[in-house]
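This is what each chain is made of:
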Amino acid sequence: MQSFSGIAASPGIAMGRLRIIDRRRTVISEYPIPSDAVSHEIGRLTQAIEDTRIELESLKSRLAESSGEDHLFFIETHLMILADERLVTETTETIRTGMINAEGALRRTLHRYREAFARIDDPYLRERISDVETVIERILRSMSGEKVEPFPQHEDQIIIAAHDLSPADMLQINRSHVLAIITEIGGRTSHTAILARALELPAVMGVDGITDLLLDGVAVIVDGLSGSVFVEPDQEIFQSSLRRKQHYEYVEYELLKTVSLPAVTRDGHVMQLRGNVEIPEEGASVLGHGGSGVGLYRTEMLFMNRAVMPDEEEQLAIYRAMQKAIAPHPLTIRTLDAGGDKLLDGMELAGEANPAMGVRAIRLSLLMPDEFKKQLRAILRVSADGPVRIMFPMISGLEEVRTAKALLEEVKHELAVSGTRFDSAVQVGVMIEIPAAVTLADLLAREVDFFSVGTNDLIQYTLAIDRTNEQLSHLYQPLHPAVLRSLRRIVQAAHGAGIPACLCGEMAGDPLYLPILLGLGFDELSMGAGSILRVKQMLRRCSLERASRIAEGCFDFSTAAEVEMYLKSQITLDVTESID
Ligand code: PEP
Ligand code: MG
C-alpha cells in the first residue's frame, strides 16, 4: 500500500480503479530563428490561437447541448483569456525582438503572467493563473499537433488522476462512471475544485507524483474529507475508509432529504435560507443545496486584479449570468466592497495605516460616483430580468444611505429617459456591520427595504478584533453579549419599521447559532452553499416558540463562554433529535 496526502478539495470518500489521464504539460523547447522566419512563427502563433478558439467554441456548443448553459462560465473565461490582446501582442513582440520560435515566446509570456499572479494576495485570484495556463497549454498543443486525450466515457468505477484538470475537463466528466478525482496541482479555491464541489465529486488536489505511478487499474481510495489517497490499500485501511464513507454518506443522505423540504420550523415558521456567492457558477450549487436565492453576491471579485474597472456591459454580462443561474429566486447584489483587505489594483490606499477603517466599501464608491453609477446601471438593467435586490456595504450613517440612494435615483431617471428597462421598485437594503449603524438602526430602517447584518465585520468592529488576525481568533466571539445585544437591537429596529432582517455573515452558516438567530426574529440567513442543508436541518428541528425562549435565555449570561455553555445544553446536534 502507498499513501499520499494532499488538499481536501471536495468532500466525500470513493473507492475505485485508478485511471491516469495524460494532461501533463507539453514539453517545449525554445530555439533561435533567422530573421526571415519571424513572420512564419507569428503566423503559426495566430493560427494556433484561432484553432484553439474554434475548438473551445465547439466544446461550448457541445456542452450547451448536453448539460445546459449553466456551467459554461469557465469556457467563457477561457475564451476571454484567448481574446486578450496582450497575449498576442506580447508574444509576437518576443518572437520579433528575441528572434525565437513561437512556443518559446509563448512560454515567456506565460512566465510573465505567472510572476504577476504570484504577487496577488488574494488566494482565490492568485489561483486564477491555472485558467491562463490551461489556455496556453491548449495553444501549445494545437501548435504541436498533439490532441488532448479524450475522457474515458464507458469505463466504470474509475478514479481519475491527472497532473491537472481544467474546468473544461471537469465538465466532460461522466458522473456515472467517474467516482473521484486526484490532481497533482491546484488548490481549494481553483475553478476545478469549485466545480468538483458543485458536481459533488470527492477530490484531493496537490498530490505530488501520483501520475508517475503508472499503475492504471490499481485499487485506490480517495478521502476528500481528510485529503488522503491510498493506492492498493490494505485490509485495515479499506475497512476504516469504508466505515468513514458509510458514516459520511448516512449524514449526507439524511441532509439531502431536506433539499426539497421547505425551510420551516416545526411550528410552521418560514425562514429564507440563501447562499453567499462570488462568481456565477456558484449559483447552481446554491440551488442544489436547497437555497432560496442569493442573499449576498460579493461583486468585488469582478473588480480585482485588473488595471481598469469593468465597464457597464461587462458587469451586466456577469450579473446576468448570476441572475440566470439562480432564477427565479431573488439575487441580492452588494455594491463594490473593496478596500480594507480587498485592495483593487492601483488603489493608492495600500499605504493606509488602518485599512479596515479606511477608504473602503460605500465610502470608496461615493468617492468615485461615475464608477458607482456604472455599477448601479448594470444592476438596475439586470433587475429587468428577474428579482434583484441592491445592498450597500459598510453603512455608518444616514448621509451615506441618502447619497447612495440619490445616485441610484439619478441612474433610474437616466435609464427611464433612454427607454432602458429596469425594475423601478427594486429593493434597496443596507448592510449593518458598523456599531454606529446598530445604534442608528431605527433611523436607517426608515430609509431602506431590508437590513442584512454582516457579522464578520460587525464582530470585528464591536469587539475591536481584527478578523484577519489569527492570534486574536479566540477573542472573535459571535456569542459575545455585546454582539447578541446588537443583533437583538437590529431585528427590533427592522421589524419596528416593517422591513425584514437578514444576516449574511459566517455566523449564518453555523447550525449552533440557528436557534438564537431564529429566536431573535431574523427572517433570512445567507451562507456558503455547503452550509445550507445543515442549517436547514437544525431549523426544521426547532420550534420558533422554543428558539425564542433559548434566545431570550442567552441574555441571562454575561460572557460568551457562559452563553455557549447554555446554548449547547439546550440543543443537540444529533440528527435524530428535535428541539421542541
Ligand atoms: C460581513 O462582514 O459579515 C460580510 C458578509 O461581508 P464580508 O465578509 O464580505 O466583509
Ligand atoms: Mg463585511
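Quick caveat, the model's predicted, so the values are computed rather than measured.

Cut-offs applied
- Residues numbered from 1 in each chain as written.
- Chains lettered and ligands numbered in written order.
- Predicted model: local features only at pLDDT ≥ 70, side-chain atom pairs only at ≥ 80, totals over all residues.
- Heavy atoms only, no water.
- Helix = DSSP H or I, 4+ residues; strand = E, 2+ residues; numbered from the N terminus.
- Rg over C-alpha atoms; globule rule 2.2 N^0.38 Å.
- Buried < 20%, exposed > 50% of the residue type's maximum accessible area, 1.4 Å probe, protein only.
- Contact = heavy atoms within 4.5 Å.
- Lys, Arg positive; Asp, Glu negative; His and termini not counted.
- Charge placed at Lys NZ, Arg CZ, Asp CG, Glu CD.
- Right-handed = clockwise from strand over helix to strand, strands pointing away.
- Pairing = 2+ DSSP bridges.
- Near = heavy atom within 4 Å.
- Polar contact = N/O pair within 3.5 Å; in protein donor to acceptor, adjacent residues only side chain to side chain.
- Areas by Shrake-Rupley, 256 points an atom, 1.4 Å probe, with all protein chains shown as cover.
- Nonpolar A, V, L, I, M, F, W, Y, C, P; charged D, E, K, R; others polar.
- Domains from an automatic or database assignment.
- Salt bridge = Lys/Arg side-chain N within 4 Å of Asp/Glu carboxyl O.
- Donors = N, O, S within 2.8 Å, 3.2 Å for Na, K, Ca; no water.
- Axes fitted to C-alpha atoms, helices over the stretch in contact; angles between N-to-C directions.
- Parallel < 35°, antiparallel > 145°, perpendicular 65-115°, else oblique.
- Left-handed = near helix turned anticlockwise from the far one by under 90°.
- Core = buried A, V, L, I, M, F, W, Y, C linked by side-chain atoms within 4.5 Å.

*Asks:* Just to check I follow, could you spell out the overall build of the protein chain for this structure?
*Replies:* For the protein chain, the count of helices and strands is 22 helices and 16 strands. Whereas a compact globule of 580 residues would reach a radius of gyration of roughly 25 Å, the protein chain reaches 26 Å, a difference of no more than 12%. In terms of overall dimensions, the protein chain has C-alpha extents of about 80 × 65 × 45 Å along its principal axes. Classification of the 580 residues of the protein chain by burial places 54% in the buried group. In the protein chain, the share of contacts with a sequence separation of at least 24, taken over all contacts with a separation of at least 6, comes to 69%. Between the averaged position of the 59 positive side-chain charges in the protein chain and that of its 84 negative side-chain charges there is a distance of 3 Å.

*Asks:* Hey, could you run me through the pairing of strand β10 (residues 294-298) in this one?
*Replies:* A regular strand places its side chains so that they alternate between the two faces of the sheet. Where burial is concerned, most of β10 is hidden: five out of the five residues are buried. In the classification by handedness, the crossover that spans strand β9 (residues 272-277), the intervening helix α10 (residues 282-288) and the parallel β10 is right-handed. By the bridge criterion, three bridges tie β10 to strand β11 (residues 331-334) in an arrangement that is parallel. When the bridges of β11 are listed, V294 appears paired with L331.

*Asks:* Which parts of the structure should I look at to understand the site of ligand 1?
*Replies:* Within the structure, ligand 1 sits among 14 residues, and R298, R334, G454, N456 and R467 are positioned closest to it. Residue R334 places a side-chain N or O atom 2.8 Å away from an oxygen atom belonging to ligand 1. In this structure, N456 approaches ligand 1 through a main-chain N or O atom, which is 2.7 Å from an oxygen atom. When ligand 1 is considered free in solution it has 280 Å² of accessible area, and contact with the protein chains removes 98% of it. Of all the secondary structure elements, the ones that give two or more residues to the shell around ligand 1 are β10 and α17 (455-463). Per-class residue counts for the shell around ligand 1 are three nonpolar, four polar and seven charged.

*Asks:* I keep staring at the domain arrangement of the protein chain and nothing clicks. Help me out?
*Replies:* Many authors give the size of an interface as the accessible area that is lost as the parts come together. In terms of domains, the protein chain is made up of domain 1 (2-21 + 153-255), domain 2 (35-144) and domain 3 (257-579). Distance from the C-alpha centre of domain 2 to the C-alpha centre of domain 3: 37 Å. Here domain 2 is connected to domain 3 by zero salt bridges. For the pair domain 2 and domain 3, the interface holds zero residue pairs in polar contact (both at pLDDT 80 or more).

*Asks:* What am I meant to see in the coordination of the magnesium ion (ligand 2) here?
*Replies:* By definition of the ideal shapes, a tetrahedral metal site with four donors has angles of 109.5 degrees and an octahedral site with six donors has angles of 90 or 180 degrees. The protein atoms that coordinate the magnesium ion (ligand 2) are E433 (OE) and D457 (OD), at distances spanning 2.0 to 2.2 Å. On the criterion of sequence distance, the pair formed by E433 in the loop between β13 (427-432) and α15 (435-439) and D457 in helix α17 is long-range, its members being 24 residues apart. The same class applies to E433 as to D457, namely buried.

*Asks:* I tried to follow the sheet that holds strand β15 (residues 501-503) on my own but got confused; where do I start?
*Replies:* The strands that make up a sheet are held in pairs by hydrogen bonds between backbone atoms, and each pair lies either parallel or antiparallel. Taking strand neighbours around the barrel as the criterion, the eight strands line up as β9-β10-β11-β12-β13-β14-β15-β16 in a closed arrangement whose pairing is parallel. Averaged over all pairs of adjacent strands, the angle between strand axes in this sheet comes to 25°, irrespective of strand direction. Relative to the sheet, helix α11 (residues 312-326) contacts β9, β10, β11 and β12 (388-392), its axis offset from that of β11 by approximately 150°. Together, β11 and β12 form the strand contacts of helix α13 (residues 369-382), whose direction differs from that of β12 by roughly 155°.

*Asks:* Just to check I follow, could you spell out the packing of helix α21 (residues 544-554) against helix α22 (residues 560-570) for this structure?
*Replies:* Working note: a packed helix pair is described by the angle between its axes plus the distance between those axes. At their nearest, the axes of α21 and α22 sit 10 Å apart, and the two run at 160° to each other. Taken together, α21 and α22 sit at an angle that is classed as roughly antiparallel. In this structure, the crossing between α21 and α22 has a hand that is right-handed. In this structure, α21 contributes R546, R549, I550, G553 and C554 to the contact, and α22 contributes V563, Y566, L567 and Q570.

*Asks:* Looking at this structure, how should I read the environment of G145?
*Replies:* With respect to the secondary-structure elements, G145 resides in the loop between α6 (129-144) and β4 (158-162). Taking relative accessible area as the criterion, G145 reaches 53% and is therefore assigned exposed.

*Asks:* How do you make sense of the sheet that holds β4 when you look at a structure like this?
*Replies:* Strand order in the open sheet formed by eight strands is β1-β8-β7-β3-β4-β5-β6-β2, with mixed pairing between adjacent strands. Two strands close off the open sheet at either side, each with one partner strand: β1 (2-5) and β2 (7-10). Sheet twist, expressed as the mean angle between neighbouring strand axes with direction ignored, is 30°. Pairing between strand β3 (residues 13-21) and strand β7 (residues 219-223): five bridges, direction antiparallel. Bridging from a neighbouring strand, R17 pairs with A219 of β7. Sitting on the sheet, helix α9 (residues 235-256) touches β3, β7 and β8 (228-231), and the angle it makes with β3 is about 110°.

*Asks:* Got a minute to help me understand the pairing of β8 in this structure?
*Replies:* Burial along β8 is two-sided: the residues S228 and F230 and V229 and V231 are all buried. Bridging between β1 and β8 involves four bridges; their strand directions are antiparallel. Counted as the bridge partner of F4 is V229 from β8. Note that β7 and β8 share four bridges and pair antiparallel.

*Asks:* Explanation requested: the nonpolar core in the structure shown.
*Replies:* Soluble globular proteins: nonpolar side chains tend toward being buried together. Of all hydrophobic cores here, the largest spans 94 residues; its most connected members are F392, F451, L487, F522 and L525. Contact partners of F392, with chain neighbours within four places excluded, come to T335, I362, F372, L376, A404, K405, V428, G429, V430 and M431. Counting 55 residues, the second largest nonpolar core, distinct from the first, contains A48, I75, L79 and L106.

*Asks:* Please clarify how the pattern of salt bridges should be interpreted in this entry.
*Replies:* Pairs can form between side chains of opposite charge once their charged atoms are near each other. Taken as a whole and assessed by the stated rule, the structure comprises 35 salt bridges. Across the salt bridge formed by E249 and K245, the nearest N and O atoms sit 2.7 Å from each other. Residue E249 and its partner K245 are both found in helix α9; the two are separated by four residues, about one turn of the helix. E249 gets classed as partly exposed once you look at its relative accessible area, which sits at 38%. Residues joined in a network through salt bridges with shared partners are E312, E313, K373, R377, R381, E410 and E414.

*Asks:* How should the environment of E30 be read in this particular structure?
*Replies:* Among the structural elements, E30 can be located in the loop between β3 and α1 (38-67). The class for E30 is partly exposed, based on a relative accessible area of 31%. For the pair E30 and E90, spaced 60 residues apart in sequence, the C-alpha separation works out to 16 Å. Excluding its chain neighbours within four sequence positions, the residues that come into contact with E30 are I100, N101, G104, R107 and R108. For E30, the side chain forms a polar contact with the side chain of R108, separated by 2.6 Å.

*Asks:* Hey, could you run me through the side chain of K373 in this one?
*Replies:* If you trace the backbone, K373 turns up in helix α13. On the basis of relative accessible area, K373 is assigned to the buried category, the value being 12%. Those residues in contact with K373 that sit more than four places away from it in its chain are L407, E410, V411 and E414.

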